[in-house]
Amino acid sequence: MRKIIVLIVMLMSVDVYGEYLKDVLITPELKKAWMLIEAGQLEEARQTLIVCNKAITKKDKPLFSACNFEFAKILEKSNKPLRAAEHYRLAYYYSDSHSLKERAMLLRGDIYIKLGVYRQAKPVYEAFLAEFPQSNYIEEANFGIAQSLANMGMLQEALQYYEKSGGNLDVLYGKANVLQMLDRVEDAAAVYDEAVSLDVDNYYRTSDETLYYYGENVRKRGDLYKAAGYLSSVKGPVYRSRARISLGLIEMDKDNTKRAISYFESASKTNVKKDKLRALMLMARLYTKTGKLENARNSLKALLYLQSISNDTKMEVDFLLTEVNINDGKYAEAVDTMLKYVKDEKLAKSAIDFMTKAVDKAAISGVKGDMVSLWAKTSPYILSAANERVVVNVVKALEGSGKPYLELLFWLSKNGSNEAKVEAIDKLARIYEGLGDSKNALEYLSVVGQLRGESDELLRRQARILYENGELQGALAKTLELAKLEKDDIKLIRQTIGASNNVAMDVQVYENAVSEFGGTVEDYRIISGIYIKLGDKEKAIEYDKLILKENPADEWAIYSIYKLTADEKEAAEMLKKLGAAGSAIGNFSKSIVKGQEIEKMLKDYK
């Protein structure tokens, strides 16, 4: 009884409900039905509205509009919102009352918002603003449009309407949520702080949407512990999976891989497709990062099994799968996947970067059997990107492969940095050396000398090529340019000294080398012969004696000393040594000795 009395008192003060109510409660039956609706006695209220049948037959528009308004209320409270929205539409359409029309239209829009049919809600609110520009409900209508736009993903537009929606808690939290969706973290934080300061009843904790976005805001500001508290409080099915994803990201920031995976796995079980995709992708990335490549593959397969995934998602899967394949040594698969994207203007650079990474790793790992085919597929793209470090690695991997190797060397010799260019030209020179093409070998070595500067190693190579080509004088000249001779250099000097244009000077270099590294009997004999030609008998005898030191029975050295020495006693001694030998030179020396004895006898006889 008390409740009915209270309702009667309220009805006596129409302003409590708004001006529109005067045009709803136009008969005793409608007033009674309204009280029953407010009391929750919906069936009794429906029975009371029998008067509405007359409105249809008599075509009484005010009564018909009021009846539809009350029927809408009954249906709304009976959890039949779509039917209620239709009756609010009829109430609006048949009413001549300004206040009733605006209230019916606004309530219809609110139903669509609650149902989540935002594309139907938005035009209702827009029509309201056009028809009732001076309404006291302008802020509510703007708020309805803001919510519709936000849920349709039109965030910037939604923000403009939130600015016109007043400053109650619903508006503040809605605006803050949109700012957070736009990743305007600091702007969102300022609005959240304002809303929370006014929210004495912690209203935000009853909204999963606000809890989620507020938690995201706090997470992005770095307070992981506080963020985890908000996100863990999200319980409803719509935002729970997103919150689990955010909790996984928090664990990733704390390097707690196991717990992060657990959250992502939980989120991947959702029926919200967008969240399932994100959770599976994050799992795949985390598995890839931690080297669990088979697990990463399984996550990506699960992604591809989802129905009607977008081309963008397929592309993202392909790129991540390529990364998995590269890390797993499956370079050919990685390259083949990326070849699908090199013609796409937006994705070409990323695709080429991945191909380059695959080829580089293949080259470093020494997969020679696959390098030729890999390079054939990727060379036009990698060379156009001019990643020299990778090209140098590929050169090493392709060595001995024939044409691809040579083509790459030629490319580097023209397009590489100074260091890479010199290295490529040097390798080409070595190839020509091996082929016996002295002309090209020397030409390339000359370029190496110009770019890198002359070196003893370069001079030795040039000298060897010249010698093998029969250019003894040039070979000797290159050898004599060496900054520091080595023992092996004596051999080439020995073989080319005879072609010297300035033997008097060059023989000194020969002598110095022999003195430093030690010579052979052959070296001593050659040097001795040179000094004989130069007329320096003493120097020639010096080297002949070195020969005798190595081989006291060397007849040619003995004979040379005999012929060159001015010391008669030494000459006689050498002659006797020769006479003791049984060779032709020894027999010749005996005849010389005998002749000398006869000559001496004749002198004595006289």
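Criteria and cut-off values
Residues numbered from 1 in each chain as written. Predicted model: local features only at pLDDT ≥ 70, side-chain atom pairs only at ≥ 80, totals over all residues. Heavy atoms only, no water. Disulfide = S-S within 2.5 Å. Helix = DSSP H or I, 4+ residues; strand = E, 2+ residues; numbered from the N terminus. Buried < 20%, exposed > 50% of the residue type's maximum accessible area, 1.4 Å probe, protein only. Core = buried A, V, L, I, M, F, W, Y, C linked by side-chain atoms within 4.5 Å. Contact = heavy atoms within 4.5 Å. pLDDT = per-residue confidence, 0-100. Polar contact = N/O pair within 3.5 Å; in protein donor to acceptor, adjacent residues only side chain to side chain. Axes fitted to C-alpha atoms, helices over the stretch in contact; angles between N-to-C directions. Parallel < 35°, antiparallel > 145°, perpendicular 65-115°, else oblique. Left-handed = near helix turned anticlockwise from the far one by under 90°. Nonpolar A, V, L, I, M, F, W, Y, C, P; charged D, E, K, R; others polar. 1 Å grid on protein atoms, 1.4 Å probe; cavity = no way out; pocket = protein on both sides within 12 Å on 5 of 7 lines; lining within 4 Å. Points joined across faces, edges and corners; volume = space filled by probe spheres on them.

**With respect to the state of the cysteines**
Scanning the model with the defined rule gives 1 disulfide in all. The disulfide partner of Cys52 is Cys67, and the S-S distance across this bridge is 1.9 Å. With the S-S dihedral at roughly -95 degrees, the linkage between Cys52 and Cys67 falls on the left-handed side. With Cys52 in helix 4 (residues 52-58) and Cys67 in helix 5 (residues 61-77), the pair connects residues that are 15 residues apart, well separated along the chain. Accessibility classification places Cys52 together with Cys67 in one group, the buried group.

**Overview of the nonpolar core**
Membership of the largest hydrophobic core comes to 64 residues, with the highest contact counts inside it found for Val24, Phe69 and Tyr162. In terms of residue count, the dominant contributor to this core is helix 7 (residues 98-115) (8 residues). The residues contacting Val24, other than those within four sequence positions of it, are Leu30, Trp34, Ala66, Phe69, Glu70 and Leu100.

**Considerations on the confidence of the model for the protein**
Predicted confidence across the protein gives a mean pLDDT of 86, with 91% of residues reaching 70 or more. pLDDT under 50 marks residues 1-17. Its contacts with residues more than four places away, or in other chains, come to 19 contacts.

**Observations concerning the environment of Arg184**
Mapped onto the elements of the fold, Arg184 is located in the loop between helix 11 (169-181) and helix 12 (185-198). Taking the C-alpha atoms as reference, Arg184 lies 9.1 Å from Asn217; in sequence the two are 33 residues apart. In contact with Arg184, other than residues within four places in its own chain, are Leu159 and Leu179.

**A word on helix 33 (residues 555-564)**
Of the residues making up helix 33, those classed as buried are Ala557, Ile558, Ser560, Ile561, Tyr562 and Leu564. The N-terminus of helix 33 is capped by Asp554, whose side-chain oxygen sits 3.2 Å from the backbone nitrogen of Trp556.

**Observations regarding the environment of Tyr88**
Note that Tyr88 resides in helix 6 (residues 81-94). Taking C-alpha positions, Tyr88 is 9.7 Å from Ala66, a pair spaced 22 residues apart along the chain. Contact partners of Tyr88, with chain neighbours within four places excluded, come to Phe69, Ala72, Lys73, Glu76, Ala104, Leu107, Arg108 and Ile111.

**Some thoughts on the packing of helix 7 against helix 9 (residues 138-151)**
Running from amino to carboxyl end, helix 7 crosses helix 9 at an angle of 25 degrees, the nearest separation of the two axes being 11 Å. Judged by the inter-axis angle, helix 7 sits roughly parallel to helix 9. Read as a crossing pair, helix 7 and helix 9 show a hand that is left-handed. Side by side, helix 7 and helix 9 meet where Arg103, Leu106 and Ile113 of the first sit next to Glu140, Ala141, Gly144, Gln147 and Ser148 of the second. Class assignment for the residues of the contact of helix 7 with helix 9 results in 3 nonpolar, 3 polar and 2 charged.

**Focus on the layout of surface pockets**
By volume, the largest pocket amounts to about 600 Å³. Along the walls of the largest pocket sit 20 residues, with Met181, Tyr212, Tyr213, Arg242 and Lys274 positioned nearest its centre. If you list the elements that add at least two residues to the lining of the largest pocket, you get helix 9, helix 11, helix 13 (208-220), helix 15 (237-253) and helix 17 (273-289). Per-element tally for the lining of the largest pocket: the top contributor is helix 13, with 5 residues. Residue classes in the lining of the largest pocket are distributed as 9 nonpolar, 3 polar and 8 charged. Looking at the second largest pocket, its volume works out to about 460 Å³.

**What about the packing of helix 25 (residues 418-435) against helix 27 (residues 456-468)?**
Across the interface, helix 25 lies against helix 27 with an axial gap of 12 Å and an inter-helix angle of 25 degrees. Taken as axis vectors, helix 25 and helix 27 run roughly parallel relative to one another. Considering how the two elements wind past one another, helix 25 and helix 27 form a crossing that is left-handed. For the pair helix 25 and helix 27, the contacting residues are Asp426, Ala429, Arg430 and Glu433 in the first and Glu457, Arg461, Arg464 and Ile465 in the second.

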